[in-house]
Amino acid sequence: MTYSGAVKVGGPADVHELADLIVSKVAVGPMDNNAYLLRCRTTGEQLLIDAAHDPRTLLQLIGDDGIASVVTTHRHHDHWGALADVVAATGARTYAGRYDAAGIDVPTDVLVEDGDTVRVGRVELTARHLRGHTPGSIVLVYDDPHGHPHVFTGDCLFPGGVGNTWKDPEAFASLLHDVETKLFDVLPDETWIYPGHGKDTTLGDERPQLPEWRARGW
């Protein structure tokens, strides 16, 4: 079936089949958080992005093969509410941005800096630090050698705008700057965006709206 990225809490995962990587997306919790399971086709190793809520659903998604690691995109509790349970069940290494790790109750094994590589099997993801939604939010960029890039953006970029900066002009300017310079300016329109809540999008769909976002201030 064709991947759409449209999922709902209690519903099945939607699976994006790439040449070297399988991405499974589920929605969990009262805030409709997205969690993403990445599986390297060559090695079978798995990585989870945002153990947000409902450990039972996440562990069913992970299955008997377990996960090697779990990445938390930022410090807000709705993105790591199930982290302790998932780590206890799987023994996974934990990753988070250096400047957000102190706000996550579960200890972080690997502090992630801008430009660091996070691996799942033979697949490499590049972390980018985007400031504004939180001080240490990170996104993960997969530059697919067989196609266009894919970016897991947490709460930094959604269809229709950047993440919430709570009417703080400085935080908004910082987040918009980082989203533009580290994503829009360097990645093609075909780049697929997997956000922390809601439906997916592409950079091409969002690029024409950048002047509107800047003008409105959110």
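Residues numbered from 1 in each chain as written. Predicted model: local features only at pLDDT ≥ 70, side-chain atom pairs only at ≥ 80, totals over all residues. Heavy atoms only, no water.

Draft legend 1. Representation of the overall build of the chain within the structure. Counting secondary structure elements, the chain contains 5 helices and 15 strands. In terms of C-alpha radius of gyration, the chain reaches 16 Å, essentially the compact-globule figure of 17 Å for 218 residues. Each of the three principal axes of the chain carries a C-alpha extent, and together these read 50 × 35 × 30 Å. A buried classification covers 52% of the 218 residues belonging to the chain. Nonlocal contacts in the chain, meaning residues at least 24 apart in sequence, comprise 51% of its contacts between residues at least 6 apart. When the 18 basic and 32 acidic side-chain charges of the chain are each reduced to a single mean position, those positions are 0 Å apart. (Helix = DSSP H or I, 4+ residues; strand = E, 2+ residues; numbered from the N terminus. Rg over C-alpha atoms; globule rule 2.2 N^0.38 Å. Buried < 20%, exposed > 50% of the residue type's maximum accessible area, 1.4 Å probe, protein only. Contact = heavy atoms within 4.5 Å. Lys, Arg positive; Asp, Glu negative; His and termini not counted. Charge placed at Lys NZ, Arg CZ, Asp CG, Glu CD.)

Draft legend 2. The arrangement of the nonpolar core in detail. Core analysis: the largest hydrophobic core is formed by 23 residues, its most contacted members being Leu21, Val23, Leu38, Leu140 and Phe152. Other than its neighbours up to four places away in sequence, Leu21 contacts His16, Leu38, Arg39, Cys40, Arg41, Val120, Val123 and Tyr142. Counting 20 residues, the second largest nonpolar core, distinct from the first, contains Ala51, Ala52, Val70 and Ala96. (Core = buried A, V, L, I, M, F, W, Y, C linked by side-chain atoms within 4.5 Å.)

Draft legend 3. Focus on the sheet that holds strand S10 (residues 138-143). Pairing within the open sheet is mixed, and its 6 strands lie in the order S8-S9-S10-S11-S14-S15. Every interior strand has two partners, whereas the edge strands, strand S8 (117-120) and strand S15 (201-202), have only one. Pairing of S10 with strand S11 (residues 149-154), which is carried by 4 bridges, proceeds in the antiparallel orientation. Bridge pairing in S11 links Leu140 to Phe152. (Pairing = 2+ DSSP bridges.)

Draft legend 4. Structural context of the side chain of Thr201. On the secondary structure map, Thr201 appears in strand S15. Here the side chain of Thr201 touches Glu206 through a polar contact of 2.6 Å, side chain to side chain. Excluding its chain neighbours within four sequence positions, the residues that come into contact with Thr201 are Phe158, Pro159, Thr191, Trp192, Ile193 and Glu206. (Polar contact = N/O pair within 3.5 Å; in protein donor to acceptor, adjacent residues only side chain to side chain.)

Draft legend 5. Layout of the environment of Ala96. Within the fold, Ala96 resides in strand S6 (residues 93-97). Classification of Ala96 by relative accessible area gives buried; the value is 1%. For the pair formed by Ala96 and Thr108, sequence separation is 12 residues and the distance between their alpha carbons is 6.4 Å. When neighbours within four sequence positions are excluded, Ala96 is seen to be in contact with Thr72, Ile104, Thr108, Val110, Leu111, Val112 and Ile138.

Draft legend 6. Representation of the sheet that holds strand S1 (residues 14-17) within the structure. Here we have 7 strands laid out as an open sheet, ordered S1-S2-S3-S4-S5-S6-S7, and mixed in their pairing. Unpaired on one side and paired on the other, S1 and strand S7 (110-112) mark the two borders of the sheet. Across the sheet, the axes of successive neighbouring strands diverge by a mean angle of 20 degrees, strand direction being ignored. Pairing of strand S5 (residues 69-72) with S6 involves 4 bridges; the strand directions are parallel. From the neighbouring strand, Val70 faces S6, where its bridge partner is Thr94. Sitting on the sheet, helix H1 (residues 55-62) is in contact with strand S2 (21-28), strand S3 (33-40) and strand S4 (46-49), with an inclination near 160 degrees to S2. Across the sheet, helix H2 (residues 83-90) is in contact with S4, S5 and S6; its angle to S5 comes to roughly 165 degrees. (Axes fitted to C-alpha atoms, helices over the stretch in contact; angles between N-to-C directions.)

Draft legend 7. Layout of the packing of aromatic side chains. For the coordinates displayed, the defined rule picks out 6 aromatic pairs. Seen in terms of ring centroids, Tyr3 and Trp192 are 6.0 Å apart; in terms of plane orientation they differ by 55 degrees. Their pairing is tilted. Placement of Tyr3 in the segment before S1 and of Trp192 in strand S14 (residues 192-195) is noted, with a sequence separation of 189 residues between them. Side by side, Tyr3 and Trp192 carry an identical accessibility label, which is buried. Judged by centre distance (6.3 Å) and plane angle (70 degrees), the ring pair of Phe184 and Trp213 falls under edge-to-face. Of this pair, Phe184 sits in helix H3 (residues 169-184) while Trp213 sits in helix H5 (residues 210-216), placing them 29 residues apart in sequence. The same class applies to Phe184 and to Trp213, which are both buried. An aromatic cluster is built from Tyr3, Tyr36, Phe152, Trp192 and Tyr194, whose rings are joined through pairwise contacts. (Phe/Tyr/Trp six-rings, centres within 6.5 Å; stacked < 30°, edge-to-face > 60°.)

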